[in-house]
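# Coordinate analysis (summary)
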Amino acid sequence: MSIKWEKKDGTNEGKLTFEIAPEKIKEGLNSAFNRVKKSLNVPGFRKGKVPRQIFNKMYGEEALYQEALNDLLPEAYSNAVKEADINPVDQPQIDVESMESDAAWVLTAKVTVEPEVELGQYKDLEVTKHPTRVLKADIENELNRLQQQEAELVLKEDEPAEQGDTVVIDFEGKIDGETFDGGKGENHSLELGSGQFIPGFEDQLVGHKAGEEVAVTVTFPEDYQAKDLAGKEAVFDTKIHEVKTKELPELDDEFAKDVSEFDTLEELKAKIKDRLKDQKVAEAKAAIQEEALDIAVENATIGEIPAVMIEDDVHRQMDNFLAGMQNQGISADMYYQLTGTSADDLHKQFEEGAEKRVKTNLVLEAIVKAEKIEPSEDEINAEIKSLAEQYQMDEAAVRSALSDDMLKHDIAVRKVVDEIADSAKQTRDAKKDEE
């Protein structure tokens, strides 16, 4: 097939000229005729039995051209794109140049393609140091967290509430003397300092005892999810029923037995140290990957990003997010109702960072091409097995859902990300960078 790609200077648009060969046209016409004749009523012939010669005489073979073109165009365009080595990012605008009998059909497509990427340095990049040493304070903080989880709430007799205490309260809020939806509660347990309520509410209960009534005055934040309350001042009539304080268990061997499978506190500390080490290593790796990728993108020269690529990314992020909500039993409509937002709000949320995500993907794909990374069959099989285990699916079902090209793409991109991060040098001092 003869193809010609002409890109307009300074743009991401161009014209792709391509042909459909006569032998392919013949196949398409035969297929179109076999479909069309089933619905034809021609005197002297049973339905669906009209000979081709009679059809051509009555209607002309040109009557089949559009039907045949609809069949042939997808494959012809796809092959032309591959031969031209371009990456369209939107649906093409197809025009027919010529459709002559016994000759190749000539078509043109107005195509928007990915911007060109000129790679800069992406290996041996200098990134921030990420120490993975576990400090004694890290272990103590984790023990304190476990200690807080095991704490018991004990009633305070005639003593004022302090930060960290839990109060059991009734409350009723009013704005300009009028109650509002969601502003009332009874026997609600509230930990002071937890930030569970509107800023300022919990602080005003500190210093008060059980049995006291407190008028708590707060102002709803300007970005409050219930827009009819945002920015308004409210007064909550609050009755304190109980004040409870946390009683922490002793950090000893008995504590270790209660919270773990270990018999001694020292064994528990060793396990905590190992877990924190693994966590710090994973966090460091993720941070190095992100920083190194950002630098690799900054070092690259990328053409103007077509608007359709930004929009596609935003919609992809929205679909993934809402699919995650659906897996938790929350529909899109329910999510918007619960959060007081809309599809437009979610769209705006994912617009932030969309250009960066698109640029990162373009650079990664350019590196895959430059490095000529081609995943092996064994790597593809391992990826299928991993996905099957992750989503609890049969391996055959995973293979049927994902093409080899999709699997190869994901594997290759992941290998590039690892290579960029693994070659990075931790030479930047975090404190100096902040200064």
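Above this note sits the structure.
A brief look at the structure comes next. (Residues numbered from 1 in each chain as written. Predicted model: local features only at pLDDT ≥ 70, side-chain atom pairs only at ≥ 80, totals over all residues. Heavy atoms only, no water.)

With that out of the way, let us pick up the overall build of the chain. For the chain, the helix and strand inventory stands at 14 helices and 13 strands. A globule of 435 residues ought to have a C-alpha radius of gyration of about 22 Å, yet the chain, at 33 Å, is considerably larger. Seen through its principal axes, the chain has C-alpha atoms that stretch 105 × 60 × 45 Å. With an accessible surface of roughly 27000 Å², the chain has 45% of that area assigned to carbon and sulfur atoms. (Helix = DSSP H or I, 4+ residues; strand = E, 2+ residues; numbered from the N terminus. Rg over C-alpha atoms; globule rule 2.2 N^0.38 Å. Areas by Shrake-Rupley, 256 points an atom, 1.4 Å probe, with all protein chains shown as cover.)

Another point: the packing of helix 10 (residues 354-371) against helix 13 (residues 404-423). Relative orientation of the contacting elements helix 10 and helix 13 amounts to 90°, with a least axis distance of 9 Å. Taken together, the axis directions place helix 10 and helix 13 in an arrangement best described as roughly perpendicular. Residues Leu364, Glu365, Ile367, Val368 and Glu371 of helix 10 pack against His409, Ala412, Val413, Val416, Val417, Glu419 and Ile420 of helix 13. (Axes fitted to C-alpha atoms, helices over the stretch in contact; angles between N-to-C directions. Parallel < 35°, antiparallel > 145°, perpendicular 65-115°, else oblique. Contact = heavy atoms within 4.5 Å.)

So, on to the environment of Tyr224. Summarising the element assignment, Tyr224 is placed in the loop between strand 10 (213-219) and strand 11 (233-247). Separated by 119 residues in the primary sequence, Tyr224 and Ala343 place their C-alpha atoms 18 Å from one another. Beyond its immediate sequence surroundings of up to four residues, Tyr224 is in contact with Leu229 and Ala230.

Once that is clear, we can look at the pattern of salt bridges. Summed over the entire model, instances satisfying the criterion amount to 29 salt bridges. Residue Asp158 is joined to Lys209 by a salt bridge in which the shortest nitrogen-to-oxygen separation is 3.6 Å. With a gap of 51 residues between them, Asp158 in the loop between strand 7 (152-155) and strand 8 (166-175) and Lys209 in the loop between strand 9 (178-191) and strand 10 connect regions that are remote in the sequence. Judged by relative accessible area, Lys209 falls into the partly exposed class, the value being 28%. (Salt bridge = Lys/Arg side-chain N within 4 Å of Asp/Glu carboxyl O. Buried < 20%, exposed > 50% of the residue type's maximum accessible area, 1.4 Å probe, protein only.)

For the rest of this paragraph, the subject is the side chain of Thr166. Within the secondary structure, Thr166 sits in strand 8. Residue Thr166 is classed as buried on the basis of its relative accessible area, which comes to 8%.

Quick look at helix 7 (residues 307-327) now. Across its 21 residues, helix 7 extends 31 Å between first and last C-alpha, which sits within 8% of the 30 Å expected from 1.5 Å per residue. All of the buried residues in helix 7 are Met309, Asp313, Val314, Met318, Leu322 and Met325. Next to the buried residues of helix 7 lie helix 8 (332-339), helix 9 (343-351) and helix 10. (Expected span 1.5 Å × (residues − 1).)

Let's shift gears to unusual backbone geometry. Unusually for a residue other than glycine, Asp102 sits at a positive phi of about 60°. Counting through the fold element by element, Asp102 comes out in the loop between strand 3 (93-98) and strand 4 (105-112). A positive phi angle, close to 55°, is found at Lys372, a residue other than glycine. Along the chain, the position of Lys372 falls in the loop between helix 10 and helix 11 (377-390).

Next up on the list: the environment of Lys425. The topology assignment puts Lys425 in strand 13 (residues 425-428). Classification of Lys425 by relative accessible area gives partly exposed; the value is 44%. Through-space distance from the C-alpha of Lys425 to that of Leu125 is 6.0 Å; in sequence the pair is 300 residues apart. When residues no more than four places from it in sequence are discounted, the contact partners of Lys425 are Asp124, Leu125, Glu126 and Val127.

Here we take up the packing of aromatic side chains. Taken as a whole and judged by the stated rule, the model has 15 aromatic pairs. Their ring planes at 75° and their centres at 5.2 Å tell us that Phe321 and Tyr335 sit as a pair that is edge-to-face. With Phe321 in helix 7 and Tyr335 in helix 8, this pair connects stretches of sequence that are 14 residues apart. Since its relative accessible area comes to 25%, Phe321 is described here as partly exposed. Look at Tyr335 and you get buried, because its relative accessible area is 14%. Among the aromatic side chains, those forming a connected cluster through ring pairs are Phe171, Phe180, Phe197, Phe201, Phe220, Tyr224 and Phe236. (Phe/Tyr/Trp six-rings, centres within 6.5 Å; stacked < 30°, edge-to-face > 60°.)

So, about the sheet that holds strand 4. Strand order in this open sheet of 4 strands is 1-2-4-3, and the pairing throughout is antiparallel. Unpaired on one side and paired on the other, strand 1 (3-7) and strand 3 mark the two borders of the sheet. The average angle at which neighbouring strand axes cross in this sheet is 20°, direction not considered. Sheet topology note: the strand 2 (residues 13-20)/strand 4 ladder contains 8 bridges and is antiparallel. Counterpart to Phe18 in the pairing with strand 4 is Leu107. Its contacts with the sheet put helix 3 (residues 65-84) on strand 1, strand 2, strand 3 and strand 4, and the angle it makes with strand 2 is roughly 120°. (Pairing = 2+ DSSP bridges.)

Time to look at helix 1 (residues 22-36). Taking 1.5 Å of rise per residue, the 15 residues of helix 1 would be expected to cover 21 Å, and the 21 Å separating its terminal C-alpha atoms lies within 8% of that figure. For helix 1, the full list of buried residues reads Ile25, Gly28, Leu29, Ala32 and Phe33. What you see down the axis of helix 1 is that its buried residues fit within an arc of 135°, all on one side. Opposite the buried face of helix 1, at more than 90 degrees from it, the exposed residues are Glu23 and Lys26. (Arc of directions from axis to C-beta.)

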